[in-house]
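These are the residues of each chain, in order.
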Amino acid sequence: MSYRTADSLPLVTLDDVRGAQKMLVGVARMTAMEGSRHLSRLVGAPVHFKCENLQRTGSFKLRGAYVRIAGLSPEERAAGVVAASAGNHAQGVALASSLLGVRSTVFMPKGAPLPKVAATRHYGAEVRAHGTVVDETLAAAQEYAAETGAVFIHPFDHPDIIAGQGTVGLEILEQCPEVRTIVVGIGGGGLAAGIAVAVKALRPDVRIVGVQAAGAAAYPPSLAAGRPLSIEKPATMADGIKVGRPGDVPFAIIGDLVDEVRTVSENDLSSALLLCLERAKLVVEPAGASPVAALLSEPEAFEGPVVALLSGGNVDPLLMQRILRHGMAAGGRYLAVTLRLTDRPGALATLLGVLSVVDANVLDVSHVRTDPRLGLTEVEVELHLETKGPEHCAEVNSALRKAGYTIID
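To keep things clear, this report deals only with the structure shown in the data block. Owing to the predicted nature of the structure, the values given are computational and were not obtained by experimental measurement.

**Description of the overall build of the chain**
Here comes step 1: Helix and strand content of the chain: 16 helices and 16 strands.
Here comes step 2: What you see for the chain is a C-alpha radius of gyration of 24 Å, in line with the 22 Å of a compact globule of 409 residues.
Here comes step 3: Based on the C-alpha atoms only, the size of the chain along its principal axes is roughly 80 × 50 × 40 Å.
Here comes step 4: Here the chain, with 409 residues, has 54% of them falling under the buried criterion.

**Here we look at the packing of helix H1 (residues 14-23) against helix H8 (residues 159-175)**
Here comes step 1: It is the contact of H1 with H8, at a shortest axis distance of 8 Å, that shows an interaxial angle of 85°. The angle between H1 and H8 falls in the class roughly perpendicular. In this structure, H1 uses Leu14, Asp16, Val17, Arg18, Ala20 and Gln21 to contact H8, whose residues at the interface are Ala163, Gly164, Gly166, Thr167 and Leu170.
Here comes step 2: Taken together, the residues of the contact of H1 with H8 sort by class into 5 nonpolar, 4 polar and 2 charged.

**Some words on the state of the cysteines**
Here comes step 1: If you walk through the whole model with that rule in mind, you get 0 disulfides.
Here comes step 2: Cysteine Cys176 remains unbridged, with the sulfur of Cys51 as its closest cysteine sulfur at 13 Å.
Here comes step 3: Taking relative accessible area as the criterion, Cys176 reaches 1% and is therefore assigned buried.

**Thoughts on the pattern of salt bridges**
Here comes step 1: For the structure shown, the criterion picks out 14 salt bridges.
Here comes step 2: One salt bridge in this structure joins Arg203 and Asp205, with 2.9 Å as the shortest N-O distance.
Here comes step 3: Classification of Asp205 by relative accessible area gives partly exposed; the value is 37%.
Here comes step 4: Between Arg207 and Glu260 there is a salt bridge whose closest N-O contact spans 3.0 Å. Here the residue Arg207 occupies a position in strand S10 (residues 207-213), and Glu260 occupies one in strand S11 (residues 260-264), the gap between them amounting to 53 residues.

**Observations concerning the nonpolar core**
Here comes step 1: Of all hydrophobic cores here, the largest spans 58 residues; its most connected members are Val12, Ile69, Val81, Ile195 and Ile253.
Here comes step 2: Dropping the residues within four chain positions of it, Ile195 is found in contact with Gln165, Gly166, Val168, Gly169, Ile182, Val184, Lys200, Ile208 and Leu309.
Here comes step 3: Counting residues in each nonpolar core, the second largest holds 38 residues, with Leu273, Val306, Leu310 and Ile323 among its members.

**Regarding the sheet that holds strand S4 (residues 47-51)**
Here comes step 1: One open sheet accounts for 6 strands, arranged S3-S4-S12-S9-S10-S11; its pairing is mixed. Two strands close off the open sheet at either side, each with one partner strand: strand S3 (33-35) and S11. Each neighbouring strand pair of the sheet contributes to a mean axis angle of 25°, computed without reference to strand direction.
Here comes step 2: Where strand S9 (residues 181-185) lies against strand S12 (residues 306-310), 3 bridges are found, and the strand directions are parallel. The residue bridging Thr181 from the neighbouring strand is Val306, located in S12.
Here comes step 3: This element, helix H12 (residues 266-278), spans S4, S10, S11 and S12 of the sheet and lies at about 90° to S11.

**Remarks on the packing of H1 against helix H9 (residues 190-202)**
Here comes step 1: Remark: H1 packs on H9, axes separated minimally by 9 Å, with the N-to-C direction vectors making an angle of 115°. Classified by the angle their axes make, H1 and H9 are roughly perpendicular. Handedness of the H1/H9 crossing: left-handed. Residues Leu14, Val17 and Arg18 of H1 form the contact with H9, whose own contacting residues are Val197, Ala198, Ala201 and Leu202.

Calculation criteria
- Residues numbered from 1 in each chain as written.
- Predicted model: local features only at pLDDT ≥ 70, side-chain atom pairs only at ≥ 80, totals over all residues.
- Heavy atoms only, no water.
- Helix = DSSP H or I, 4+ residues; strand = E, 2+ residues; numbered from the N terminus.
- Rg over C-alpha atoms; globule rule 2.2 N^0.38 Å.
- Buried < 20%, exposed > 50% of the residue type's maximum accessible area, 1.4 Å probe, protein only.
- Axes fitted to C-alpha atoms, helices over the stretch in contact; angles between N-to-C directions.
- Parallel < 35°, antiparallel > 145°, perpendicular 65-115°, else oblique.
- Contact = heavy atoms within 4.5 Å.
- Nonpolar A, V, L, I, M, F, W, Y, C, P; charged D, E, K, R; others polar.
- Disulfide = S-S within 2.5 Å.
- Salt bridge = Lys/Arg side-chain N within 4 Å of Asp/Glu carboxyl O.
- Core = buried A, V, L, I, M, F, W, Y, C linked by side-chain atoms within 4.5 Å.
- Pairing = 2+ DSSP bridges.
- Left-handed = near helix turned anticlockwise from the far one by under 90°.

This is how it looks when you write it as structure tokens:
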């Protein structure tokens with residue numbers, strides 16, 4: 001079975017994916033499939049995690065990068081390869097190149113997280129910092145390819161990349177043959193397209209659902225228009241799927257084979273990441289948690305058994321800290337309140353007494369006494385509280401108001 005563009009050029013076939021699977025033996029590991037009792041209860045059917053966050057380099061990207069570079073001619077290998085990425089693709093290209101004995105140069109944005117930059121260098125690539133956004137970095141890498149003859153390794157818009165990523169679909173069918181729905185995050189579309197080629201060829205009854213962050217959702221309008229469209233300034237914490245335009249090759253496949261593309265909010269993403277960490281003990285980056293976010297936002301919409309693909313786990317510790325706090329706030333587990341009280345001895349102790357009665361745990365207290373917005377005898381206090389859910393947050397706010405405190409929005 002093959003899928004074609006409008007000009008009838010073949011794209012990717014099941015045989016291509018099977019060939020990629022043979023090529024990846026001893027390179028990419030078959031990652032674990034883990035059950036989720038919590039999500040299974042919500043969905044009303046078994047839910048499993050396909051843990052590509054535990055893949056070498058921390059994401060699925062090694063699969064496609066290795067297949068693409070392994071397919072180069074001796075002359076192309078001698079010229080070296082170049083890529084542009086803020087993280088996962090960079091590491092995949094770096095390791096694949098090292099394994100194949102090919103020189104690699106990777107352009108990364110100047111603000112790329114230091115752990116990802118260090119990992120890319122560790123895998124053997126020469127790293128060059130350029131630009132502040134991936135589009136600028138991408139342009140620099142393509143310019144370098146034109147000047148030096150190095151082969152540009154696109155992160156998603158190439159049949160070999162898609163065939164490599166499609167090996168995840170073959171593993172899902174092997175590990176969970178009873179699967180009815182596969183949920184996968186979509187950025188440029190290489191992973192979803194590859195999985196769709198493999199799965200639909202063997203199990204056309206399996207429903208494939210793509211997930212995009214609402215602030216970077218180029219696929220819904222593109223699918224409606226019948227052609228790839230660009231969105232301006234995509235914005236999301238999920239940098240792994242923060243892509244402004246679908247790839248031409250994956251778009252043609254996704255339009256034919258992916259059953260639905262859903263969007264999720266930033267609150268959904270942070271709540272999903274928190275669930276993966278707390279319930280499954282899995283470190284997952286926001287893009288990798290997007291399928292879990294979709295399941296959490298509307299669990300009744302998915303027929304089980306469901307496989308949710310955790311595509312990557314490369315997350316900067318500082319970003320993780322912020323996201324976890326965001327997720328706790330979204331789940332009513334963290335509350336920040338600012339209020340004013342009279343600046344007199346014992347006032348803070350009285351306030352803390354009110355919070356003690358409603359069993360709110362104080363994590364941090366900040367005082368502001370010198371501000372032109374405050375009266376002569378006023379002090380502004382910012383409290384960071386650990387709470388037990390949305391109802392408890394409402395109870396805390398109600399108790400503070402009943403005690404006569406003014407909460408500043």
